[in-house]
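As a plain string of letters, each chain reads:
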Amino acid sequence: MASLEYSEQGYKEILTSLENSVLSITINRAKYRNTFSGGLFKELVHIFDLADRDDRVRAVVLTSEPTAPAFCSGADISGGWGSLWKEESEKEGEHAHRDSGGILAMTIYRCRKLTIVAVNGHAAGVGMTALQLPFDFRFVWSGAKLTFPFVRRGINPEATSSYLLPRLIGHSRATSLLLTGATVTPDSPYIQSLYHQILPTREEVYPAALAFAIELAENTSQVAIAYSKGLLQHPGDSVEENHLLDSRAIKLLGSSVDGEEGARAFKERRLPKFTGTLSKNSSPWYPWWHRLDVHHRKAKL
Amino acid sequence: MASLEYSEQGYKEILTSLENSVLSITINRAKYRNTFSGGLFKELVHIFDLADRDDRVRAVVLTSEPTAPAFCSGADISGGWGSLWKEESEKEGEHAHRDSGGILAMTIYRCRKLTIVAVNGHAAGVGMTALQLPFDFRFVWSGAKLTFPFVRRGINPEATSSYLLPRLIGHSRATSLLLTGATVTPDSPYIQSLYHQILPTREEVYPAALAFAIELAENTSQVAIAYSKGLLQHPGDSVEENHLLDSRAIKLLGSSVDGEEGARAFKERRLPKFTGTLSKNSSPWYPWWHRLDVHHRKAKL
Amino acid sequence: MASLEYSEQGYKEILTSLENSVLSITINRAKYRNTFSGGLFKELVHIFDLADRDDRVRAVVLTSEPTAPAFCSGADISGGWGSLWKEESEKEGEHAHRDSGGILAMTIYRCRKLTIVAVNGHAAGVGMTALQLPFDFRFVWSGAKLTFPFVRRGINPEATSSYLLPRLIGHSRATSLLLTGATVTPDSPYIQSLYHQILPTREEVYPAALAFAIELAENTSQVAIAYSKGLLQHPGDSVEENHLLDSRAIKLLGSSVDGEEGARAFKERRLPKFTGTLSKNSSPWYPWWHRLDVHHRKAKL
């Protein structure tokens, strides 16, 4: 069985640390303006998948060195888009292409732990989409220049951003951002509601996100977070379906070790001490939704 | 046939009054911090169902005594969650459980009249979910401490809140509230857009909500409100389906006594005097949507 | 084949001009307070359909004379709603009625070009719905009185507004507007997020919208805009479906003349010069969604 130690994974594009149940990931490509490379893509997919399964991790924080020129300046397209196509899609046609930003976005979106991104610099393209939208919480530096430049580059918004952004902030604001490709700062009314917190300096963003993560890791239940994320992402198609889902979840969790500790701590007027984990205290019923297999030859358009 | 008189229903946990076509309901459990009990649950389900069918009622306002310690401090869980499980779900398994907060939320959500809640005190748990989210309009005291504490108690958000809250204010803000369990006041950017009006003192909340309800009850059509609520809750899956639905509704309503009065009043530059009622002036076509039967053995997960 | 020249269409209710790839349409019924008439309806449907197919057009701006009493004061209902019913629906029953506001709204919504409305005066009824909600961007005069008066006229919101408005600004704000019929100005928290920009005088609204349109027409790809609008309107039912759609689109567009120019311009640090057009550079795969036929006898409720 492969080691779960983050330090033993041989990552080259990211730095990692696990403390207080919080896994911190730092993009480490400052000399390339933190562009999104194939190597960075693979390492991020790998580590978010690991964090999802690692009971020790209750929250993940992604950030960059605050001294880098940008949090993430997007994909490097100086060689054209061609470098993005894999052999398979070149041979079999456009329907065989799978956008790497989307694969990463789905991996982060599916991570059952709390996910937080600390955007401590400028962000563009995939640095706005895959590296921000699938997270539960976004912290940002007030001076960050933010842009979804796709329509000004001749392409469409990628990395599932046309699904995620309107859900997060509504279609009016999402359209103002995606169809203009404008550059904005976090105080812009178009984007403000995307962020959980806006910090005045680059240096303050990660520490604020980390303190937030540690407090939540200490005082929330890992299993309750996973089920709550499931309900937010897959609430059912009607209020009635949602009622069936949240009823079953509450019976499961309320009868679990964390539900019991939650009620007891409330009664005793103290902070809870949750010990439940996803590998021991979840249920075969979870996930209750069908996950479309997006691999080529399994999914067609 | 049972009496429709609210004063004759023998309610113990709520006070009621019907004036100017507005039914006011006051939660009357101040000595229990207005916790959500089995008795309060049953009476609220009963009265919202009654109000739905009572042609005299054009709007419902729910509130609490402003001198109570809280508008509603949630369910009483000092005895653990166990008190919430009914015998059936204990015997037949978790899939048989039906959350009472959800049953109440669906009852309020389905009420075809205007529904307004006057949150004149602190609110937590089911006091945030079932007692606020399914309403059409929320009035609140600016000093109210508001919290969805679920993940800090080891459980998931209930009462269909994972369906309703993201629809009301978007996923970014809903996640900030539901996955942190933070306590906020109404001026917080996370929750501000949930409220129709924020009042500076506890005493002003109910009178403002009542005046708002009376004005709407006088000047809107009962049938038009019911169909408009239906369209907002069940708009169809595409702009085309919505067009079929709102076209049919507008032909029905435009040809009805209220539609005719509306056009006449507009022409004569006077306020309308609507006399249409749901029992006389609706159509067998309404409701046009399928309602999932959530009763155990009828609905499965 | 019919002429594509806008000046040769014989429009009576609108003025048109095509400059810098931007088609401007001005409602020209000031002496009727710019009410929505059968003639105006037909001309707007006709011209938006033309603009959709005309490769020369990259953006459409709709406005009114700023000296008119209103941007659009709604339908003229002084003769009752009856004038709205067509013979067919009178004969065949309410299910045969098709709301003209909805037909126009769908036509604008489906237009594959950038659509911008310059609301330089008061707006009511269909002037708020069909003439604003299906557009990509709304510019407005800060002094405009805005109202969705339906429930105060005995009818329901029309023109697909019960579908579009909650998607644009969320259900909490949409309900505050649609179920009250209140009159608000653009700075109202209920409606503020509907607008891309708010201008202090009536005279500034159209020039601001036009300048915005020209800049976008010059610097965005016609094909990328069409695909991006498609993704925003038809994102798929899950993040996985969206990933399949945006992956295929990005492979198509990235390999196209505009995608190549976008990458080249980025590398050469210059503005792009997009030459791709929908008639030459789209794909049979687009549109990827099924469009419900809403014609009577084709679609039933």
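Residues numbered from 1 in each chain as written. Chains lettered and ligands numbered in written order. Predicted model: local features only at pLDDT ≥ 70, side-chain atom pairs only at ≥ 80, totals over all residues. Heavy atoms only, no water.

Explain the relation of the copies chain A and chain B to me, using residue names and the numbers behind them.
Superposition of chain A onto chain B requires a rotation of 120° combined with a translation of 0.0 Å along the rotation axis, giving an RMSD of 0.0 Å. Those values place the two copies in the arrangement expected of a three-fold rotation axis. Rotation axis and chain A: the residue whose C-alpha lies nearest the axis is Gly 170 of chain A, separated from it by 3.6 Å. (Least-squares fit on C-alpha atoms with pLDDT ≥ 70 in both.)

Provide a residue-level description of the interface of chain B and chain C, including the pertinent values.
Interfaces are often sized by the amount of accessible area the parts lose when they come together. Contact with chain B, which involves 55 residues of that partner, is made by 47 residues of chain C. Of the roughly 4400 Å² buried at the junction of chain B and chain C (both faces included), carbon and sulfur atoms supply 65%. Of the charged contacts in the structure, one is a salt bridge between Glu 94 of chain C and Arg 248 of chain B, with a shortest N-O distance of 2.9 Å. Our enumeration of links across chain B and chain C arrives at 17 residue pairs in polar contact (both at pLDDT 80 or more). (Contact = heavy atoms within 4.5 Å. Buried area = accessible area lost by both parts, 1.4 Å probe. Salt bridge = Lys/Arg side-chain N within 4 Å of Asp/Glu carboxyl O. Polar contact = N/O pair within 3.5 Å; in protein donor to acceptor, adjacent residues only side chain to side chain.)

Break down the pairing of strand β4 (residues 114-119) of chain C for me, citing the residues and quoting the values.
Residue and element names in this part refer to chain C. The buried fraction of β4 is high, at six of six residues. Side-chain alternation along β4 places Leu 114, Ile 116 and Ala 118 on one buried face and Thr 115, Val 117 and Val 119 on a second face that is also buried. In the sheet, strand β3 (residues 59-64) pairs with β4 via four bridges, with the strands oriented parallel. Bridge pairing in β4 links Leu 62 to Val 117. Judged from the four bridges that link them, β4 and strand β6 (residues 137-141) form a sheet pairing that is parallel. Bridge pairing links Ala 118 to Phe 139 in β6. (Buried < 20%, exposed > 50% of the residue type's maximum accessible area, 1.4 Å probe, protein only. Helix = DSSP H or I, 4+ residues; strand = E, 2+ residues; numbered from the N terminus. Pairing = 2+ DSSP bridges.)

Break down the sheet that holds strand β8 (residues 183-184) of chain A for me, citing the residues and quoting the values.
All names here are of chain A. Strand order in the open sheet formed by three strands is β5-β7-β8, and the pairing between neighbours is mixed. Looking along the sheet, the strands with just one partner apiece sit at the ends: β5 (123-124) and β8. Direction of pairing for β5 relative to strand β7 (residues 146-147): parallel, over a ladder of two bridges. For Ala 123, the partnering residue across the bridge sits in β7 and is Leu 146.

Would you mind going over the sheet that holds strand β7 (residues 146-147) of chain B in detail, with residue names and values included?
The strand order β5-β7-β8 (chain B) describes an open sheet built from three strands, whose pairing is mixed. Two strands bound the open sheet, and with one partner strand each, they are β5 (123-124) and β8 (183-184) of chain B.

Break down the interface of chain A and chain B for me, citing the residues and quoting the values.
The partner chain B presents 47 residues to the 55 residues of chain A that form the contact. Between chain A and chain B, roughly 4400 Å² of surface is buried when both sides are summed, and carbon and sulfur atoms account for 65% of that area. The interface formed by chain A and chain B contains three salt bridges. For the salt bridge of Glu 215 of chain A with Arg 152 of chain B, the shortest nitrogen-to-oxygen distance reads 2.8 Å. On inspection of chain A and its partner chain B, the count reaches 17 residue pairs in polar contact (both at pLDDT 80 or more). Elements supplying a minimum of two residues to the side of chain A that touches chain B: β6 (137-141), α4 (161-169), α6 (202-219), α7 (222-233), α8 (239-254) and α9 (257-267) of chain A. Top element by residues in the side of chain A that touches chain B is α8 of chain A. It accounts for 16 residues.

Run through the packing of α8 of chain A against helix α4 (residues 161-169) of chain B, naming residues and quoting values.
As a packed pair, α8 of chain A and α4 of chain B sit with axes 8 Å apart at the nearest point and diverge in direction by 130°. When the axes of α8 of chain A and α4 of chain B are compared, the pair comes out oblique. Judged by residue contacts, Val 239, Asn 242 and Asp 246 of chain A of α8 of chain A engage Ser 161, Ser 162, Tyr 163 and Leu 164 of chain B from α4 of chain B. A breakdown of the residues in the contact of α8 of chain A with α4 of chain B according to their chemical character gives three nonpolar, three polar and one charged. (Axes fitted to C-alpha atoms, helices over the stretch in contact; angles between N-to-C directions. Parallel < 35°, antiparallel > 145°, perpendicular 65-115°, else oblique. Nonpolar A, V, L, I, M, F, W, Y, C, P; charged D, E, K, R; others polar.)

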